[in-house]
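Examining the three-dimensional arrangement
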Amino acid sequence: MSQQKFKKNPSRETCESIIQRILTAEIKERGENKHFRQAADFMTYFESLYPASESLAKQVQRAIKTLNLPKDENGYFIINKTPLQVQQDQELKRMLQKSKASSHDLSDCEAVFLETCADCTDYLMNLIADSETFKGSYVTMLKTFHGILFFTRDKAQFLKQLELLQ
């Protein structure tokens, strides 16, 4: 009599490693995970390597639970972020949308530094921010240790406006 030798079920750690490799390959090939939402989605792969059984399914479920993978808004596993990172990203996204934030390339801007006394900097920044004269003449201003740093797209015009007031 010949006995068929079956591979025993993988350990939970082995399952975790295989699941991570599958998800990493999915992201490398497609750029995102659009196939794996739950343990059952991995079973085809595991059943190609190990005999199908309830204990194999349980082992894969345990591995998924231990990995504690976050899910995206469509319920797909995310491999490259922790649950905390996903939560932080969601809050950042919410606040960026709420604040109507937009990014601007400053590579076409030039810097202008206005040296001021430390006691006057905050008040001066408020005056400039509210000023009709300076409206649209600078992209941003930053408080520094000894004054105010401006980024402007028209440095000559900005300096001219400053000189007229000094």
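Look above for the structure.
Residues numbered from 1 in each chain as written. Predicted model: local features only at pLDDT ≥ 70, side-chain atom pairs only at ≥ 80, totals over all residues. Heavy atoms only, no water.

1. Points about the overall build of the protein chain
Going by this rule: A helix here means a DSSP run of H or I that spans at least four residues, while a strand means a run of E at least two residues long, and both kinds are numbered starting from the N terminus. Here the globule rule is a power law, 2.2 Å times the number of residues to the power 0.38, and the radius of gyration is based on C-alpha atoms. Any residue under 20% of the maximum accessible area for its type is buried, any over 50% is exposed, and the rest in between are partly exposed; the area is computed with a 1.4 Å probe on protein chains only. Any pair of residues with heavy atoms lying within 4.5 Å of one another is described as a contacting pair. All accessible-area figures derive from a Shrake-Rupley calculation using a 1.4 Å probe, and residue coverage is judged against the displayed protein chains alone.
When you go through the protein chain residue by residue, the secondary structure sums to 6 helices and 3 strands. Ordered by position from N to C terminus, the α and β elements of the protein chain give α-α-α-α-β-α-β-β-α. Relative to a compact globule of 166 residues, whose C-alpha radius of gyration would be 15 Å, the protein chain shows 29 Å and is clearly more extended. The principal-axis extent of the C-alpha atoms belonging to the protein chain is close to 105 × 30 × 25 Å. Across the 166 residues that make up the protein chain, the buried fraction comes to 28%. Pairs at least 24 residues apart make up 58% of the contacts formed inside the protein chain by residues separated by at least 6 positions. As displayed, the protein chain offers around 12,200 Å² of accessible surface, 51% of which is attributable to carbon and sulfur atoms.

2. Section: the sheet that holds strand 3 (residues 147-152)
Under the convention used in this document: Strands are labelled as partners when DSSP assigns at least two bridges between them. For helices, the axis comes from a line fit to the C-alpha atoms of the stretch in contact; other axes are also lines fit to C-alpha atoms, and the angle between any two N-to-C directions lies between 0 and 180 degrees.
In space, the 3 strands of this open sheet follow the order 1-3-2, with antiparallel pairing throughout. Either end of the sheet is taken by a strand with one partner, and the two such strands are strand 1 (110-115) and strand 2 (140-144). Averaged over all pairs of adjacent strands, the angle between their axes in this sheet comes to 20°, without regard to strand direction. Direction of pairing for strand 2 relative to strand 3: antiparallel, over a ladder of 5 bridges.

3. With respect to the nonpolar core
Keep this limit in mind: We define the nonpolar core as a collection of buried residues of types Ala, Val, Leu, Ile, Met, Phe, Trp, Tyr and Cys that are connected through side-chain atoms lying within 4.5 Å of one another.
Formed by 18 residues in total, the largest nonpolar core has its most connected members in Ile19, Leu23, Phe42, Phe46, Val60 and Phe77. When neighbours within four sequence positions are excluded, Phe77 is seen to be in contact with Leu23, Asn33, Phe36, Arg37, Gln38, Phe42, Ile64, Leu69, Pro70 and Lys71. Within the second largest apolar cluster, 11 residues are counted, among which are Leu114, Met125, Met141 and Phe150.

Keep in mind that these numbers describe shape and distance, not what the molecule does.
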